[in-house]
Amino acid sequence: MEIITLWRAPTMMLVLLATVVTFLVVPASATLENKTGQLTVFWGRNKNEGSLREACDTGRYTRVIISFLDVYGIGNKYHLDLSGHPVGPTGKDIKHCQSKGIPVSLSIGGFGSHHYSLPTKESALDLFDYLWNAFLGGGSNNNKAVRRPFGDACLDGVDLFLDHHNAAAPTEHYDVLARELAKHNIIRGGSGKPQLHLTATPRCRFPPDGRVKKVLDTGVFERIHVRFYGDDEDCRVYWQELWANWTAAYPYTKVFFGLPAAPEAAVMGYVAPKEIYYSLLPVAQTAANYGGVMLWDWYYDKINDLSSFVAQWA
Ligand SMILES: *[C@@H]1O[C@H](CO)[C@@H](O)[C@H](O)[C@H]1NC(C)=O
Ligand SMILES: *[C@@H]1O[C@H](CO)[C@@H](O)[C@H](O)[C@H]1NC(C)=O
(Lines give C-alpha, C1' and ligand atoms only; values in the text may rest on other atoms or scores of the structure.)
(Ligands and ions follow the chains in the order given, each with its own letter.)
Protein backbone atom coordinates (compact mmCIF):
# COMPACT_ATOMS: atom_id res chain seq x y z
CA MET A 1 0.00 0.00 0.00
CA GLU A 2 2.59 2.51 1.16
CA ILE A 3 4.89 1.71 -1.67
CA ILE A 4 2.14 2.37 -4.16
CA THR A 5 1.24 5.65 -2.49
CA LEU A 6 4.85 6.83 -2.47
CA TRP A 7 5.28 5.87 -6.05
CA ARG A 8 2.07 7.52 -7.11
CA ALA A 9 2.51 10.89 -5.49
CA PRO A 10 5.44 12.06 -7.64
CA THR A 11 3.78 10.61 -10.73
CA MET A 12 0.68 12.65 -10.04
CA MET A 13 2.84 15.73 -9.60
CA LEU A 14 4.43 15.09 -12.95
CA VAL A 15 1.06 14.63 -14.61
CA LEU A 16 -0.19 17.87 -13.09
CA LEU A 17 2.95 19.71 -14.11
CA ALA A 18 2.71 18.35 -17.63
CA THR A 19 -0.89 19.51 -17.81
CA VAL A 20 0.00 23.00 -16.65
CA VAL A 21 2.91 23.22 -19.06
CA THR A 22 0.78 21.99 -21.94
CA PHE A 23 -1.82 24.65 -21.34
CA LEU A 24 0.80 27.36 -20.97
CA VAL A 25 2.19 26.69 -24.42
CA VAL A 26 -1.23 26.48 -26.05
CA PRO A 27 -1.59 29.30 -28.55
CA ALA A 28 -4.38 31.78 -27.95
CA SER A 29 -6.24 30.25 -30.88
CA ALA A 30 -7.23 27.29 -28.71
CA THR A 31 -9.12 29.31 -26.11
CA LEU A 32 -12.30 28.63 -28.08
CA GLU A 33 -13.77 31.96 -26.98
CA ASN A 34 -16.47 31.74 -29.66
CA LYS A 35 -17.89 28.43 -28.53
CA THR A 36 -21.69 28.27 -28.50
CA GLY A 37 -22.17 25.14 -26.39
CA GLN A 38 -24.49 23.77 -29.07
CA LEU A 39 -24.17 20.02 -29.61
CA THR A 40 -26.64 18.11 -31.78
CA VAL A 41 -26.86 14.33 -32.00
CA PHE A 42 -28.77 11.95 -34.23
CA TRP A 43 -30.77 9.13 -32.66
CA GLY A 44 -32.61 6.19 -34.18
CA ARG A 45 -30.12 4.34 -36.34
CA ASN A 46 -29.38 1.39 -34.03
CA LYS A 47 -31.73 -0.57 -31.80
CA ASN A 48 -28.91 -1.28 -29.33
CA GLU A 49 -28.23 2.38 -28.57
CA GLY A 50 -30.94 2.64 -25.92
CA SER A 51 -33.80 5.07 -25.67
CA LEU A 52 -34.09 8.68 -26.71
CA ARG A 53 -34.61 9.53 -23.04
CA GLU A 54 -31.21 8.08 -22.18
CA ALA A 55 -29.54 10.26 -24.81
CA CYS A 56 -31.21 13.38 -23.41
CA ASP A 57 -30.41 12.42 -19.82
CA THR A 58 -26.66 12.60 -20.52
CA GLY A 59 -27.12 16.37 -20.39
CA ARG A 60 -24.59 16.76 -23.17
CA TYR A 61 -26.80 17.50 -26.15
CA THR A 62 -28.72 20.67 -26.80
CA ARG A 63 -30.72 19.16 -29.70
CA VAL A 64 -31.64 15.65 -30.77
CA ILE A 65 -32.70 14.59 -34.27
CA ILE A 66 -34.72 11.42 -34.81
CA SER A 67 -33.84 9.58 -38.02
CA PHE A 68 -35.41 8.78 -40.48
CA LEU A 69 -38.70 9.26 -42.25
CA ASP A 70 -37.24 7.40 -45.20
CA VAL A 71 -40.19 6.93 -47.57
CA TYR A 72 -42.24 9.82 -48.96
CA GLY A 73 -43.30 11.49 -52.15
CA ILE A 74 -44.18 8.27 -53.91
CA GLY A 75 -47.88 7.45 -54.08
CA ASN A 76 -48.58 9.13 -50.72
CA LYS A 77 -46.74 6.37 -48.91
CA TYR A 78 -44.82 7.26 -45.77
CA HIS A 79 -42.52 5.17 -43.63
CA LEU A 80 -40.71 5.88 -40.38
CA ASP A 81 -37.60 3.75 -39.82
CA LEU A 82 -36.32 3.73 -36.23
CA SER A 83 -34.13 0.62 -36.67
CA GLY A 84 -36.39 -1.49 -34.46
CA HIS A 85 -36.82 0.98 -31.59
CA PRO A 86 -40.37 0.86 -30.21
CA VAL A 87 -42.21 3.83 -31.69
CA GLY A 88 -45.01 4.34 -29.14
CA PRO A 89 -42.82 4.85 -26.02
CA THR A 90 -40.63 7.26 -27.96
CA GLY A 91 -43.48 9.80 -27.78
CA LYS A 92 -43.05 9.95 -24.00
CA ASP A 93 -39.28 10.28 -24.40
CA ILE A 94 -39.75 13.19 -26.80
CA LYS A 95 -41.75 15.01 -24.13
CA HIS A 96 -39.13 14.13 -21.54
CA CYS A 97 -36.36 15.65 -23.68
CA GLN A 98 -38.47 18.75 -24.32
CA SER A 99 -39.13 19.13 -20.60
CA LYS A 100 -35.35 19.35 -20.16
CA GLY A 101 -35.16 22.11 -22.76
CA ILE A 102 -33.89 19.86 -25.55
CA PRO A 103 -35.82 20.35 -28.81
CA VAL A 104 -36.40 17.17 -30.84
CA SER A 105 -36.60 17.17 -34.65
CA LEU A 106 -37.42 14.55 -37.25
CA SER A 107 -35.02 13.97 -40.12
CA ILE A 108 -36.43 13.06 -43.52
CA GLY A 109 -34.50 11.24 -46.22
CA GLY A 110 -31.54 9.05 -45.24
CA PHE A 111 -29.20 6.67 -47.00
CA GLY A 112 -31.73 4.59 -48.93
CA SER A 113 -31.55 5.80 -52.47
CA HIS A 114 -34.87 5.32 -54.23
CA HIS A 115 -37.56 5.62 -51.62
CA TYR A 116 -37.93 9.34 -51.34
CA SER A 117 -38.30 12.21 -53.75
CA LEU A 118 -40.51 15.23 -54.33
CA PRO A 119 -41.09 15.17 -58.09
CA THR A 120 -44.01 17.64 -58.10
CA LYS A 121 -45.23 20.65 -56.12
CA GLU A 122 -48.21 18.57 -55.06
CA SER A 123 -45.97 15.86 -53.60
CA ALA A 124 -44.13 18.55 -51.60
CA LEU A 125 -47.39 19.99 -50.25
CA ASP A 126 -48.66 16.49 -49.46
CA LEU A 127 -45.50 15.78 -47.49
CA PHE A 128 -45.93 19.05 -45.63
CA ASP A 129 -49.51 18.08 -44.72
CA TYR A 130 -48.36 14.69 -43.56
CA LEU A 131 -45.52 16.05 -41.42
CA TRP A 132 -47.77 18.72 -39.97
CA ASN A 133 -50.57 16.34 -39.03
CA ALA A 134 -48.52 13.29 -38.04
CA PHE A 135 -45.60 14.89 -36.16
CA LEU A 136 -45.97 18.64 -35.75
CA GLY A 137 -48.57 21.09 -34.53
CA GLY A 138 -51.44 19.79 -36.65
CA GLY A 139 -52.43 17.22 -34.05
CA SER A 140 -55.28 19.02 -32.31
CA ASN A 141 -57.38 19.88 -35.36
CA ASN A 142 -56.40 16.82 -37.28
CA ASN A 143 -59.41 16.59 -39.54
CA LYS A 144 -57.68 14.23 -41.92
CA ALA A 145 -57.35 11.61 -39.17
CA VAL A 146 -53.69 11.04 -39.88
CA ARG A 147 -52.14 8.55 -37.47
CA ARG A 148 -49.59 10.13 -35.14
CA PRO A 149 -46.75 7.63 -34.52
CA PHE A 150 -45.59 9.52 -31.41
CA GLY A 151 -49.12 10.24 -30.17
CA ASP A 152 -49.70 13.74 -28.84
CA ALA A 153 -45.97 14.49 -28.62
CA CYS A 154 -45.31 17.41 -30.94
CA LEU A 155 -41.88 17.59 -32.57
CA ASP A 156 -39.92 20.83 -32.68
CA GLY A 157 -38.56 20.68 -36.17
CA VAL A 158 -37.75 19.01 -39.45
CA ASP A 159 -34.31 18.13 -40.76
CA LEU A 160 -33.51 17.42 -44.42
CA PHE A 161 -31.05 14.57 -44.90
CA LEU A 162 -30.84 14.17 -48.68
CA ASP A 163 -28.07 11.75 -49.31
CA HIS A 164 -28.26 10.04 -52.64
CA HIS A 165 -26.81 11.85 -55.60
CA ASN A 166 -29.64 13.02 -57.75
CA ALA A 167 -28.07 14.93 -60.58
CA ALA A 168 -30.66 13.52 -62.96
CA ALA A 169 -33.54 15.11 -61.09
CA PRO A 170 -32.71 18.74 -60.41
CA THR A 171 -36.40 19.58 -60.49
CA GLU A 172 -37.24 18.23 -57.05
CA HIS A 173 -39.47 20.50 -54.97
CA TYR A 174 -37.89 20.61 -51.53
CA ASP A 175 -38.00 24.40 -51.78
CA VAL A 176 -41.81 24.21 -51.75
CA LEU A 177 -41.70 22.04 -48.62
CA ALA A 178 -39.19 24.32 -46.88
CA ARG A 179 -41.20 27.48 -47.60
CA GLU A 180 -44.39 25.84 -46.34
CA LEU A 181 -42.66 24.75 -43.12
CA ALA A 182 -41.22 28.25 -42.72
CA LYS A 183 -44.71 29.79 -43.00
CA HIS A 184 -45.92 27.67 -40.13
CA ASN A 185 -42.87 28.59 -38.16
CA ILE A 186 -44.00 32.22 -38.20
CA ILE A 187 -47.58 31.36 -37.27
CA ARG A 188 -46.46 29.28 -34.32
CA GLY A 189 -43.90 31.87 -33.26
CA GLY A 190 -46.58 34.57 -33.33
CA SER A 191 -48.82 32.60 -31.00
CA GLY A 192 -46.01 32.36 -28.48
CA LYS A 193 -45.44 28.66 -29.06
CA PRO A 194 -41.99 27.21 -29.65
CA GLN A 195 -40.51 27.66 -33.06
CA LEU A 196 -40.44 25.07 -35.77
CA HIS A 197 -36.76 24.50 -36.31
CA LEU A 198 -35.81 23.92 -39.92
CA THR A 199 -32.40 22.31 -40.48
CA ALA A 200 -30.49 20.42 -43.15
CA THR A 201 -27.67 17.88 -42.95
CA PRO A 202 -25.94 17.82 -46.35
CA ARG A 203 -22.78 16.11 -47.56
CA CYS A 204 -19.65 18.27 -47.38
CA ARG A 205 -19.26 18.82 -51.13
CA PHE A 206 -19.55 22.44 -52.23
CA PRO A 207 -21.49 23.61 -54.04
CA PRO A 208 -23.96 20.89 -53.04
CA ASP A 209 -25.99 19.01 -55.65
CA GLY A 210 -28.67 21.02 -57.44
CA ARG A 211 -31.50 19.66 -55.35
CA VAL A 212 -29.84 20.58 -52.04
CA LYS A 213 -28.61 23.94 -53.32
CA LYS A 214 -32.09 24.88 -54.51
CA VAL A 215 -33.66 24.22 -51.12
CA LEU A 216 -30.90 25.86 -49.06
CA ASP A 217 -30.99 28.93 -51.28
CA THR A 218 -34.54 29.63 -50.05
CA GLY A 219 -32.71 31.09 -47.04
CA VAL A 220 -35.31 29.80 -44.57
CA PHE A 221 -33.03 27.36 -42.75
CA GLU A 222 -32.03 27.98 -39.16
CA ARG A 223 -29.11 25.54 -39.18
CA ILE A 224 -27.02 23.51 -41.60
CA HIS A 225 -25.04 20.55 -40.24
CA VAL A 226 -22.32 19.88 -42.81
CA ARG A 227 -21.20 16.25 -42.81
CA PHE A 228 -17.40 16.42 -42.88
CA TYR A 229 -17.16 12.65 -43.11
CA GLY A 230 -18.35 9.71 -45.16
CA ASP A 231 -17.13 8.29 -48.44
CA ASP A 232 -15.88 11.60 -49.82
CA GLU A 233 -12.17 12.04 -49.09
CA ASP A 234 -12.33 15.76 -49.88
CA CYS A 235 -14.32 16.29 -46.68
CA ARG A 236 -11.11 15.76 -44.68
CA VAL A 237 -8.50 16.95 -47.16
CA TYR A 238 -10.13 20.29 -48.00
CA TRP A 239 -12.15 20.81 -44.83
CA GLN A 240 -10.90 24.34 -44.21
CA GLU A 241 -11.80 25.55 -47.67
CA LEU A 242 -15.13 23.72 -47.55
CA TRP A 243 -15.92 25.24 -44.17
CA ALA A 244 -15.13 28.69 -45.55
CA ASN A 245 -17.35 28.01 -48.56
CA TRP A 246 -20.34 26.82 -46.54
CA THR A 247 -20.20 29.56 -43.92
CA ALA A 248 -19.79 32.27 -46.56
CA ALA A 249 -22.62 30.94 -48.75
CA TYR A 250 -25.23 30.95 -45.94
CA PRO A 251 -24.35 33.90 -43.70
CA TYR A 252 -27.81 34.05 -42.07
CA THR A 253 -27.81 30.37 -41.18
CA LYS A 254 -25.86 28.82 -38.32
CA VAL A 255 -23.44 26.28 -39.76
CA PHE A 256 -22.53 23.23 -37.68
CA PHE A 257 -19.44 21.05 -38.02
CA GLY A 258 -20.72 17.48 -38.49
CA LEU A 259 -18.39 14.78 -37.10
CA PRO A 260 -18.50 11.01 -36.63
CA ALA A 261 -18.77 10.10 -32.94
CA ALA A 262 -16.36 7.15 -33.34
CA PRO A 263 -13.95 5.80 -35.97
CA GLU A 264 -16.48 3.10 -36.90
CA ALA A 265 -19.28 5.64 -37.39
CA ALA A 266 -18.13 6.62 -40.88
CA VAL A 267 -16.04 5.33 -43.77
CA MET A 268 -13.73 8.33 -43.37
CA GLY A 269 -13.55 11.49 -41.34
CA TYR A 270 -13.09 10.57 -37.69
CA VAL A 271 -11.13 13.23 -35.80
CA ALA A 272 -9.52 12.50 -32.42
CA PRO A 273 -10.41 14.80 -29.48
CA LYS A 274 -6.97 16.43 -29.38
CA GLU A 275 -7.20 17.41 -33.03
CA ILE A 276 -10.76 18.66 -32.57
CA TYR A 277 -9.57 20.93 -29.80
CA TYR A 278 -6.29 22.20 -31.21
CA SER A 279 -6.88 22.24 -34.92
CA LEU A 280 -10.50 21.91 -35.98
CA LEU A 281 -12.55 24.07 -33.61
CA PRO A 282 -10.14 27.03 -33.52
CA VAL A 283 -10.64 27.29 -37.29
CA ALA A 284 -14.37 26.54 -37.33
CA GLN A 285 -15.07 29.08 -34.61
CA THR A 286 -13.58 31.98 -36.52
CA ALA A 287 -16.71 32.05 -38.69
CA ALA A 288 -19.30 34.57 -37.48
CA ASN A 289 -22.09 32.06 -38.21
CA TYR A 290 -20.43 29.07 -36.56
CA GLY A 291 -23.28 27.28 -34.81
CA GLY A 292 -21.80 24.32 -32.97
CA VAL A 293 -21.06 20.64 -33.54
CA MET A 294 -23.21 17.76 -34.77
CA LEU A 295 -22.28 14.20 -33.85
CA TRP A 296 -23.24 11.13 -35.86
CA ASP A 297 -24.64 9.41 -33.87
CA TRP A 298 -25.78 8.56 -30.33
CA TYR A 299 -25.01 4.84 -30.81
CA TYR A 300 -21.35 5.55 -31.56
CA ASP A 301 -21.08 8.36 -29.06
CA LYS A 302 -22.24 6.00 -26.35
CA ILE A 303 -19.37 3.65 -27.29
CA ASN A 304 -16.65 6.26 -27.77
CA ASP A 305 -17.79 8.99 -25.37
CA LEU A 306 -16.62 11.75 -27.70
CA SER A 307 -19.31 14.10 -26.40
CA SER A 308 -17.66 14.10 -22.95
CA PHE A 309 -15.03 16.31 -24.61
CA VAL A 310 -16.92 17.98 -27.38
CA ALA A 311 -19.83 19.18 -25.22
CA GLN A 312 -17.38 21.48 -23.42
CA TRP A 313 -15.67 22.75 -26.53
CA ALA A 314 -18.50 23.15 -29.03
C1 LIG B 1 -15.32 26.46 -52.73
O2 LIG B 1 -16.25 27.14 -53.57
C3 LIG B 1 -15.75 27.52 -54.84
C4 LIG B 1 -16.83 28.30 -55.54
O5 LIG B 1 -18.00 27.54 -55.69
C6 LIG B 1 -15.32 26.29 -55.62
O7 LIG B 1 -14.75 26.67 -56.85
C8 LIG B 1 -14.28 25.52 -54.80
O9 LIG B 1 -13.94 24.33 -55.47
C10 LIG B 1 -14.84 25.20 -53.43
N11 LIG B 1 -13.85 24.54 -52.63
C12 LIG B 1 -13.91 23.25 -52.33
C13 LIG B 1 -12.79 22.69 -51.52
O14 LIG B 1 -14.84 22.53 -52.69
C1 LIG C 1 -14.64 34.99 -32.96
O2 LIG C 1 -15.56 35.32 -34.00
C3 LIG C 1 -15.27 36.52 -34.69
C4 LIG C 1 -16.33 36.73 -35.74
O5 LIG C 1 -17.59 36.73 -35.18
C6 LIG C 1 -13.90 36.44 -35.34
O7 LIG C 1 -13.58 37.65 -35.96
C8 LIG C 1 -12.85 36.10 -34.29
O9 LIG C 1 -11.62 35.87 -34.93
C10 LIG C 1 -13.26 34.82 -33.55
N11 LIG C 1 -12.28 34.52 -32.51
C12 LIG C 1 -11.66 33.33 -32.46
C13 LIG C 1 -10.68 33.16 -31.35
O14 LIG C 1 -11.87 32.43 -33.23
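Scroll up to find the structure.
No experiment lies behind these values; they were computed from the predicted model shown.

Here is what the cut-offs are and how they apply
- Residues numbered from 1 in each chain as written.
- Chains lettered and ligands numbered in written order.
- Predicted model: local features only at pLDDT ≥ 70, side-chain atom pairs only at ≥ 80, totals over all residues.
- Heavy atoms only, no water.
- Helix = DSSP H or I, 4+ residues; strand = E, 2+ residues; numbered from the N terminus.
- Buried < 20%, exposed > 50% of the residue type's maximum accessible area, 1.4 Å probe, protein only.
- Polar contact = N/O pair within 3.5 Å; in protein donor to acceptor, adjacent residues only side chain to side chain.
- Contact = heavy atoms within 4.5 Å.
- Near = heavy atom within 4 Å.
- Areas by Shrake-Rupley, 256 points an atom, 1.4 Å probe, with all protein chains shown as cover.
- Phe/Tyr/Trp six-rings, centres within 6.5 Å; stacked < 30°, edge-to-face > 60°.
- Nonpolar A, V, L, I, M, F, W, Y, C, P; charged D, E, K, R; others polar.

Q: An account of the side chain of Thr218 is requested, with residue identities and associated values reported.
A: Among the secondary structure elements, Thr218 is positioned in the loop between α6 (210–216) and β7 (223–227). By relative accessible area, which is 15% here, Thr218 ends up buried. Among the polar contacts listed, one links the side chain of Thr218 to the backbone oxygen of Val215, at a separation of 2.6 Å. Setting aside chain neighbours within four positions, we find Thr218 in contact with Asp175, Ala178 and Arg179.

Q: Please set out the site of ligand 2 residue by residue, giving values where relevant.
A: The environment of ligand 2 is formed by Glu33, Asn34, Gln285, Thr286 and Ala288. Residue Glu33 places a side-chain N or O atom 3.4 Å away from a nitrogen atom belonging to ligand 2. Separating an oxygen atom of ligand 2 from a side-chain N or O atom of Asn34 is a distance of 2.2 Å. If ligand 2 stood free it would expose 360 Å²; the protein chains cover 55% of that surface.

Q: Break down the packing of aromatic side chains for me, citing the residues and quoting the values.
A: Considering all chains together, one arrives at 26 aromatic pairs under this definition. Ring plane angle 75° and centroid distance 5.4 Å describe the contact between Phe206 and Trp246, whose orientation is recorded as edge-to-face. Here Phe206 is found in the loop between β6 (197–200) and α6, whereas its partner Trp246 is found in helix α8 (residues 239–249), with 40 residues between them in sequence. Accessibility expressed as a relative area gives 26% for Phe206, which makes it partly exposed. Through successive ring pairs, a cluster of aromatic residues spans Phe42, Phe68, Phe111, Phe161 and Trp296.

Q: Requested: an account of the site of ligand 1, with residues and values cited.
A: The environment of ligand 1 is made up of Phe206, Pro207, Tyr238, Glu241, Leu242 and Asn245. Contact distances for ligand 1 include 3.5 Å between an oxygen atom and a backbone N or O atom of Phe206. Taking 360 Å² as the accessible area of ligand 1 by itself, protein coverage stands at 53%. For the shell around ligand 1, the residue count by class is four nonpolar, one polar and one charged.

Q: Tell me what's going on with the environment of Asp305, and back it up with residues and numbers.
A: For Asp305, the position within the fold is in the loop between α10 (298–304) and α11 (307–313). Given a relative accessible area of 34%, Asp305 falls into the partly exposed group. Sequence-wise, Asp305 and Ala262 are 43 residues apart; in three dimensions their C-alpha atoms are separated by 8.3 Å. Beyond its immediate sequence surroundings of up to four residues, Asp305 is in contact with Arg60 and Tyr300.

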